[in-house]
There are 2 protein chains.
Amino acid sequence: MPSYKAPLRDISFVLKEVFGTDQLRSLPGYEDLQDTDMDAILDEAAKFCENTLFPLNRTGDEEGCHFENGVVTTPKGFKEAYKSFVDIGWSSLSCNPTYGGQGLPLTISTIFTEMISSANSSFSTYPLLATGAYHLLEKHGSEELKNKYLPKMVGGQWGGTMCLTESHCGTDLGLLRTKAAPQADGTYKLTGTKIFITSGEHDLTENIIHMVIARTPDGVPGTKGISLFLVPKFLVNDDGSLGARNGATCASIEHKMGIKASATCVMNFDEATGYLVGDLFKGMSNMFVMMNSARLGIGVQGLGLGEIAYQNALAYAKDRLQGRSLTGPKYPDKMADPIIVHPDVRRMLLTMKALNEGNRMLVLWTALQLDRSQSAKDPAAKQEAEDFNQLMTPIVKAFCTDTAFELASLGVQVFGGHGYIRENGMEQYLRDARIGMLYEGTNGIQAMDLIGRKLPMGGGRVVQTFFGPVQAFIEQHKNDEKMAEFVGPLEKAFGRLQQATGLIAQKAPSDHNEAGAAAADYLKLFALVAHAYLWCRAVLVAKDKLSSSEKAFYQSKIETARFFMEKLLPQTGTLAVNIAAGAGPLMNFQDESFGPF
Amino acid sequence: MPSYKAPLRDISFVLKEVFGTDQLRSLPGYEDLQDTDMDAILDEAAKFCENTLFPLNRTGDEEGCHFENGVVTTPKGFKEAYKSFVDIGWSSLSCNPTYGGQGLPLTISTIFTEMISSANSSFSTYPLLATGAYHLLEKHGSEELKNKYLPKMVGGQWGGTMCLTESHCGTDLGLLRTKAAPQADGTYKLTGTKIFITSGEHDLTENIIHMVIARTPDGVPGTKGISLFLVPKFLVNDDGSLGARNGATCASIEHKMGIKASATCVMNFDEATGYLVGDLFKGMSNMFVMMNSARLGIGVQGLGLGEIAYQNALAYAKDRLQGRSLTGPKYPDKMADPIIVHPDVRRMLLTMKALNEGNRMLVLWTALQLDRSQSAKDPAAKQEAEDFNQLMTPIVKAFCTDTAFELASLGVQVFGGHGYIRENGMEQYLRDARIGMLYEGTNGIQAMDLIGRKLPMGGGRVVQTFFGPVQAFIEQHKNDEKMAEFVGPLEKAFGRLQQATGLIAQKAPSDHNEAGAAAADYLKLFALVAHAYLWCRAVLVAKDKLSSSEKAFYQSKIETARFFMEKLLPQTGTLAVNIAAGAGPLMNFQDESFGPF
């Protein structure tokens, strides 16, 4: 049976030692936020995830959600767990105090999301979408809508969704067919069918607030004619009580590969009453607020899945006795050595460990900048943080989910045949992880977003928010001999990234396919360079503390960084070669050559 | 809904054009085997797989096998499909005519295995294991056992299994605890529990012949004390009729991630009557006959899964309209372009196509050499073929299954969110493919087999069966300018392989961990070089036929080879760097540094 223990020491290392919580305290509103306060919250969060959510993970997968006559029932225990979630106040963690939120940094709720996702990835989707809807409404809604809906959403009594996809359009939302007909009273009647609506219908909350994009009669074809509407499951009376059932109903739920306890719904809107959110025809751009928040959340979900896969693979590798070390028995008194003695098992474990911890640094770096972008007083600082988030969101989303899948598969592999058996839990992490690469924009779309939108954004100003600090770090430390084994590989990989960036900037304007062909490799190259930079920073911290009582902990950081530099970072070489090979091998390939013959 | 069409043209290209069926006709017994005969068989095999097995694939996955009171029932339709399978004579395809087999080359049954695995991977496991048991008994059994058991196994009336794993030992079979107690009549009584027994119990055949390894009272600890026994589900009377139920019963079946219609059984042997097969204490080495056959079969299963994933991803990419080409609309009359216009979608499809077709060449090359190793008259030719098979078996097993999983995942990705939905079929291929990396020896074990056993075997004689032809090919074609874009990359990658081989030969003898640390990367490097070599051969053939009526087909081979050389082969660079980095980063990593902290 799998187990989960929130990696509080690792989290604290990244938050307090690599980045430092002074960053948070420098922001207005957080001046008095003490480390001890955050520790207390994260301790409680860890207990909730370990003791309440994790025990429901396997049973939730086995049972799945139920659908009958439009009603969705979550697996046994989910309703009670969600009630505890709300009672403790977890739903309001980083929400605006004006609406009853606790006003804590997004960094804190991001850490919590990692833990929830490790403990119960399906469960995580309910608050994740609700939070996305909250952010969208808080940013773009009228005062009237905000006052009416936000308090209950913040309180967790009401859920939220994001209704974008239709059966004929996912990536290409300009094709959408859902109609919004304006009514005399200023409301709209929405009609159409949305698919893949995560938590579109369930029994966890009293009401569900759908954020729906649709086209008004005067909306032009394409994305520019799309507007955003709030469509509640139950209409809300002026006194805040629930009124009549709205025409937003669940037609069915999907049977999926994983996250089976998360209800993925087909939603029918049949003249459902909706309220315009933000300006007419600004639906797509406004929706991006929610998508960015959701994309970061999906990346964090990947981090959580990689973490739990590692924890259990490690425990198994220490426990499973099989064969002997290639250099002679390490535990001659036992019937065999634990499989962790084998180089190939260590390779798998270290790949998991290094990428997980690198992803955690990447995620928290991004989350801290997100708080800065929202709260910094200095407009330049705010802009810089916003730029950084624009740049990193697709990278966090795609790289953390790609690696989650890869690492969950390594976790299965460490278990051997036992990894394929459901009761051992490892295969669920693999199935649950596979969705991350698909939803909230496939990872191919993320790569195009990075290379096609974010790279040229601001004439290079956006990309400079990453290149600048990395360049400065290398300059500062390149002559430090003790750091050479880390900074050397970083410098080399960063050189590849710069070269690839230049190549794309040169070729893509005259042939957009050059950007498309390079996109996936470029995103991966970028992420690995980011990991390398962050590992260097981690090593600097760790080297300073080797004489502390936690020597083994800090030593582990240095050794993990070394493994990353020697065994994982070299793939940047192949990525650079592939990028240089350009679009030719893909685009010169003739359509009929794909077959079938 | 997914579809399947056996890739007969591709198969015929590899069999007849790249390798040539004269190879088969040069073997005693196959002199009169005409291409038209083989075509007729493969046409029929294709129809059987497409029309009988494929329709049961999804339903079999949804229903799974049932277990009740020791009885295993396969999903609806499996029993009837198996009856057709037997009635048509598919079970006896490559079996010895002495026992009722059709005596066709193993190459033909290998091709059939690819098709079965595409159509219904779960179904493929029943004949695969039965064939393995057949080979083992045919090679090592006494005349009496062979005459009594083989005819019904060849005929498919009786199934077969391979009972190795116990709960505490899979890789390390020397630890096994199952006992075989000799009886006065020369038989044995077997007692113990085996797990992960594929097709250990089911309703497809009248009897099941278990090949069981166990330890006799005088068997020393470790693998040298292990012997092999035939244990039938029902005892067989002298007249061939079925007698009493033997003490070999199914205690439960596993709930697995995939291949859910394949019964994976816990088998209890309770004083079950068994018959010694081969010499006492030679159980492990004799079992390897079956394992090699099974390992090749598992690799072929991977090929089949990669093929069906490609076929359906391709069809979807041509059909799904979403977005516009980055260089402007390709189909302005449609609401959007098909997603195959996008470079990143083409990258995924071409990766699938190139690796599938390379794997097919690798598989059939190996299968042809297997026929040669069994039938060649010239002892030197026989030995060479046997050497080649020793070398290639772990590569085929591990690389084809690793890529099957990777390609099935790409297939899901091409479908976007629709790939995650069970009814679309793609996620099943991914789940079904995951087992290939685990069973019949994990891929880590295959890599160790290659680097630790096969590389040094015969003082380099074994590895020379691959290096020799590649070296000769490069010498012959390196000055051919028209082949330069293919032979150049091959030469470079082969140089990396030679260098890595030299490095390992130099370092491993004094530190076995150096072999272990390099193993996984080395196997992949080897396989990619083999692909490169085979693509060069395919290009040579295709270039000669560009003026034929099938120009598009041959052009496709050349373009696919070009993609492989430019976009996939470069990863050999990273693999070589990782191998050169050695065991240090893995073995110097301290055990306590793995955490948890």
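About the criteria used
Starting afresh in each chain, residues are numbered from 1 along the sequence in its written order. Naming scheme: in the order in which they are written, chains are lettered from A and ligands are numbered from 1. Thresholds applied to this predicted model are a pLDDT of at least 70 for local features of residues and 80 or more for the giving and counting of side-chain atom pairs; totals over whole chains, interfaces and linings are not thresholded and use all residues. To obtain the side-chain values, all non-hydrogen atoms of the structure were included, while hydrogens and water were left out. Under the DSSP-based scheme used, a helix requires at least four consecutive residues in state H or I and a strand at least two consecutive residues in state E, with every element numbered from the N terminus. The atom set for the radius of gyration is the C-alpha atoms, and the globule formula is 2.2 Å times the number of residues raised to the power 0.38. Every residue pair with non-hydrogen atoms within 4.5 Å of one another is taken to be in contact. Least-squares fitting of one copy onto the other uses the C-alpha atoms of those residues that reach a pLDDT of at least 70 in both copies. Salt bridge, as used here, is a side-chain nitrogen of Lys or Arg placed within 4 Å of a carboxyl oxygen of Asp or Glu. Each residue gets one of three labels from its accessible area relative to the maximum for its type: buried under 20%, exposed over 50%, partly exposed in between, using a 1.4 Å probe on protein chains only. Between N-to-C directions, angles cover 0 to 180 degrees, with each direction set by a line fitted to C-alpha atoms, over the stretch in contact for helices. Roughly parallel covers angles under 35 degrees, roughly antiparallel covers those over 145, roughly perpendicular covers 65 to 115, and oblique covers all other angles. In a left-handed crossing the near helix is turned counterclockwise from the far helix by less than a right angle, and in a right-handed crossing that turn is clockwise. Only Asp, Glu, Lys and Arg are considered charged in this grouping, and only Ala, Val, Leu, Ile, Met, Phe, Trp, Tyr, Cys and Pro are considered nonpolar; every other residue, Gly among them, is considered polar. Take the accessible area each of two parts loses on contact, using a 1.4 Å probe, and add the two losses: that sum is the buried area. Under the rule applied, a polar contact is a pair of N or O atoms within 3.5 Å (in protein, one hydrogen donor and one hydrogen acceptor; residues adjacent in sequence only if both atoms are side-chain atoms). In this scheme Phe, Tyr and Trp rings, the latter by its six-membered ring, pair at centre separations within 6.5 Å, and the angle between planes marks the pair as stacked below 30 degrees, edge-to-face above 60, and tilted otherwise. Each ring is checked for a lysine NZ or an arginine CZ that lies within 6 Å of its centre and within 35 degrees of its normal; such an atom marks a charge sitting over the ring. The span expected for a helix works out to 1.5 Å for each residue beyond the first. Two strands qualify as a pair provided that DSSP identifies no fewer than 2 bridges between them. Disulfides are defined as cysteine sulfur pairs within 2.5 Å. Confidence of the predictor at the level of single residues is given by pLDDT, which spans 0 to 100.

Asker: Which parts of the structure should I look at to understand the overall build of chain A?
Answerer: Secondary structure assignment for chain A yields 19 helices and eleven strands. In terms of C-alpha radius of gyration, chain A reaches 24 Å, essentially the compact-globule figure of 25 Å for 597 residues. Its C-alpha atoms give chain A principal-axis dimensions of roughly 80 × 65 × 60 Å. The contacts of chain A with a sequence gap of at least 6 include a subset with a gap of at least 24, amounting to 73%.

Asker: What exactly am I supposed to notice about the relation of the copies chain B and chain A here?
Answerer: Both copies of the chain are tied together by a single rotation about an axis and a shift running along it. Screw-axis analysis of chain B against chain A gives a translation of 0.0 Å along the axis, an RMSD of 0.0 Å, and a rotation angle of 180°. What we have between these two chains is a two-fold relation. Every residue of chain B has its C-alpha some distance from the rotation axis, and the shortest such distance is that of B:T574, at 3.0 Å. When the interface residues of chain B are mapped onto chain A, 100% of them are again interface residues, pointing to one common binding face.

Asker: Quick question: what am I supposed to make of the side chain of B:T442 here?
Answerer: If you trace the backbone, B:T442 turns up in the loop between helix 12 (426-434) and helix 13 (443-454). Those residues within four positions of B:T442 in sequence are excluded, and the remaining contacts are A:Q413, A:G416, B:K397 and B:M437.

Asker: Explain the pattern of salt bridges here, please?
Answerer: Side chains bearing opposite charge may pair, as long as their charged atoms lie close to each other. Following the criterion strictly, the structure yields 66 salt bridges over all chains and no others. The shortest N-O distance in the salt bridge between A:D591 and B:R346 comes to 3.0 Å. Taken together, the residues span two chains, with A:D591 in the segment after helix 19 (584-587) and B:R346 in helix 10 (residues 343-375). Overall, A:D591 belongs to the partly exposed group, its relative accessible area being 36%. The class for B:R346 is buried, based on a relative accessible area of 4%. Ionic pairing is found between B:R372 and B:E384, a salt bridge with its closest N-O pair at 2.8 Å. Of this pair, B:R372 sits in helix 10 while B:E384 sits in helix 11 (residues 379-414), and the two are twelve residues apart along the sequence. Classification of B:E384 as partly exposed rests on a relative accessible area of 38%.

Asker: Is there a simple way to think about the packing of helix 11 (residues 379-414) of chain A against helix 12 (residues 426-434) of chain A in this case?
Answerer: Axis angle and axis distance: for two packed helices, these are the angle between their axes and the distance between the axes, and together they describe the pair. Residues and elements named next belong to chain A. Remark: helix 11 packs on helix 12, axes separated minimally by 8 Å, with the N-to-C direction vectors making an angle of 165°. Taken together, the axes of helix 11 and helix 12 lie roughly antiparallel to each other. Here helix 11 runs over helix 12; the crossing is left-handed. Residues A404, F405, A408, S409, G411 and V412 of helix 11 pack against M426, E427, Y429, L430, A433 and R434 of helix 12. Across the contact of helix 11 with helix 12, the residue classes break down as eight nonpolar, two polar and two charged.

Asker: I keep staring at the environment of B:Q499 and nothing clicks. Help me out?
Answerer: Note that B:Q499 resides in helix 15 (residues 484-507). Through-space distance from the C-alpha of B:Q499 to that of B:P343 is 34 Å; in sequence the pair is 156 residues apart.

Asker: I tried to follow the interface of chain B and chain A on my own but got confused; where do I start?
Answerer: A common way to express how large an interface is: the accessible area buried when the components associate. The partner chain A presents 97 residues to the 97 residues of chain B that form the contact. Counting the surface chain B buries against chain A, the share from its top three residues, B:Y420, B:K567 and B:F594, is 11%. The interface formed by chain B and chain A includes two salt bridges. Run the count over chain B and chain A and you get 51 residue pairs in polar contact (both at pLDDT 80 or more). Per-element tally for the side of chain B that touches chain A: the top contributor is helix 17 (residues 551-568) of chain B, with nine residues. In terms of residue class, the side of chain B that touches chain A is made up of 42 nonpolar, 31 polar and 24 charged.

Asker: Got a minute to help me understand helix 12 of chain A in this structure?
Answerer: In an α-helix there are 3.6 residues to a turn, and that puts residues three or four apart on one side. Summarising burial for helix 12 of chain A: nine of the nine residues are buried, a large majority. The set of residues buried in helix 12 of chain A consists of A:M426, A:E427, A:Q428, A:Y429, A:L430, A:R431, A:D432, A:A433 and A:R434. In this fold, the buried residues of helix 12 of chain A make contact with helix 4 (57-63), helix 7 (121-140), helix 9 (283-319) and helix 11 of chain A together with helix 11 and helix 12 of chain B.

Asker: Explain the packing of aromatic side chains to me, please; I cannot follow it from the model alone.
Answerer: Given two aromatic rings, their pairing is described by the distance between the two centres and the angle made by the two planes. Tallying each qualifying case throughout the model produces 59 aromatic pairs over all chains. The interplanar angle of 80° and the centroid separation of 5.2 Å between the aromatic rings of B:F553 and B:Y554 together place this pair among those described as edge-to-face. Its end group placed over the ring of A:Y331, A:K334 keeps NZ or CZ at 5.1 Å from the ring centre. Above the face of the A:F405 ring, A:R434 is positioned so that its terminal group lies 5.2 Å from the ring centre.

Asker: What is the right way to read the environment of A:A46 from this model?
Answerer: Residues and elements named next belong to chain A. Along the chain, A46 falls in helix 3 (residues 35-53). Residue classification places A46 among the buried positions, given a relative accessible area of 3%. As for A46 and A119, which are separated by 73 residues in sequence, their C-alpha atoms are 9.4 Å apart.

Asker: Please explain helix 1 (residues 8-19) of chain B as it appears in this structure.
Answerer: All names here are of chain B. When the terminal C-alpha atoms of helix 1 are compared, their 15 Å separation across twelve residues agrees well with the 16 Å that a helix rising 1.5 Å per residue should span. Most of helix 1 is tucked away: ten of the twelve residues are buried. For helix 1, the full list of buried residues reads R9, D10, I11, S12, F13, V14, L15, E17, V18 and F19. For helix 1, the secondary structure elements touched by its buried residues are helix 2 (22-25), helix 3 (35-53), helix 6 (106-119), helix 10, helix 16 (512-544) and helix 17. A positive backbone phi angle near 90° is found at G20, which sits one or two residues after helix 1.

Asker: Can you walk me through unusual backbone geometry in this structure?
Answerer: Residue and element names in this part refer to chain A. Between G595 and the following residue, P596, the backbone shows a cis peptide bond with an omega angle of 0°. Relative to the helices and strands, P596 resides in the segment after helix 19. The backbone of F196 shows a phi angle near 60°, a positive value even though the residue is not glycine. If you trace the backbone, F196 turns up in strand 5 (residues 188-198).

Asker: Help me out: how do you make sense of the packing of helix 1 (residues 8-19) of chain A against helix 3 of chain A in this one?
Answerer: Residue and element names in this part refer to chain A. In contact at an axis separation of 11 Å, helix 1 and helix 3 are set at 150° when each is read in the N-to-C sense. If you check the angle between helix 1 and helix 3, you find them roughly antiparallel. Classified by chirality, the crossing of helix 3 by helix 1 is right-handed. On helix 3, the residues that touch L8, I11 and K16 of helix 1 are D35, D39, L42, D43 and A46. Considered class by class, the residues forming the contact of helix 1 with helix 3 number four nonpolar, no polar and four charged.

Asker: Would you take a moment to explain the pairing of strand 4 (residues 179-182) of chain B for this structure?
Answerer: Remember that side chains alternate between the two faces of the sheet whenever the strand is regular. Residues and elements named next belong to chain B. Two elements, strand 4 and strand 5 (residues 188-198), share four bridges in a ladder whose sense is antiparallel. Note on strand 5: the bridge partner recorded for A181 is K189. Counting the residues in the hairpin turn of strand 4 and strand 5 gives five residues, including G186, whose phi is positive at 90°.

Asker: Would you mind showing me how to read the state of the cysteines here?
Answerer: Every disulfide links exactly two cysteines, by a covalent bond between their sulfur atoms. With the rule as written, the count across this model stands at zero disulfides over all chains. Summary of cysteine pairing: A:C250 is not part of a disulfide, and the nearest cysteine sulfur, belonging to A:C265, is at 3.9 Å. Residue class for A:C250 comes out buried when judged on its relative accessible area of 5%. Here B:C536 stays free of any disulfide, with the sulfur of B:C400 as its closest cysteine sulfur at 19 Å.

Asker: Looking at this model, I keep getting lost on the pairing of strand 9 (residues 242-245) of chain A. Mind explaining?
Answerer: Residue and element names in this part refer to chain A. In this sheet, strand 9 lies alongside strand 8 (residues 234-236) in antiparallel orientation, the contact comprising two bridges. When the bridges of strand 9 are listed, F234 appears paired with R245. Connecting strand 8 to the next strand, strand 9, in antiparallel fashion are five residues, including G240 with a positive phi near 90°.

Asker: Is there a simple way to think about the confidence of the model for chain A in this case?
Answerer: Interpretation of this model should avoid reading the predicted coordinates in detail wherever pLDDT is low. Averaged over every residue, the pLDDT of chain A is 97; the share at 70 or more is 100%. Confidence estimates for the predicted assembly give a pTM of 0.98 and an ipTM of 0.98.

Asker: Hey, could you run me through the environment of B:A214 in this one?
Answerer: Residue and element names in this part refer to chain B. Examined against the element boundaries, A214 turns out to sit in strand 6 (residues 207-215). Accessibility expressed as a relative area gives 0% for A214, which makes it buried. Note: C-alpha distance between A214 and R177 (37 residues apart in sequence) is 7.1 Å. Apart from the residues within four sequence positions on either side, A214 is in contact with L176, T178, K179, A180, L190, G225, I226, S227 and F229.

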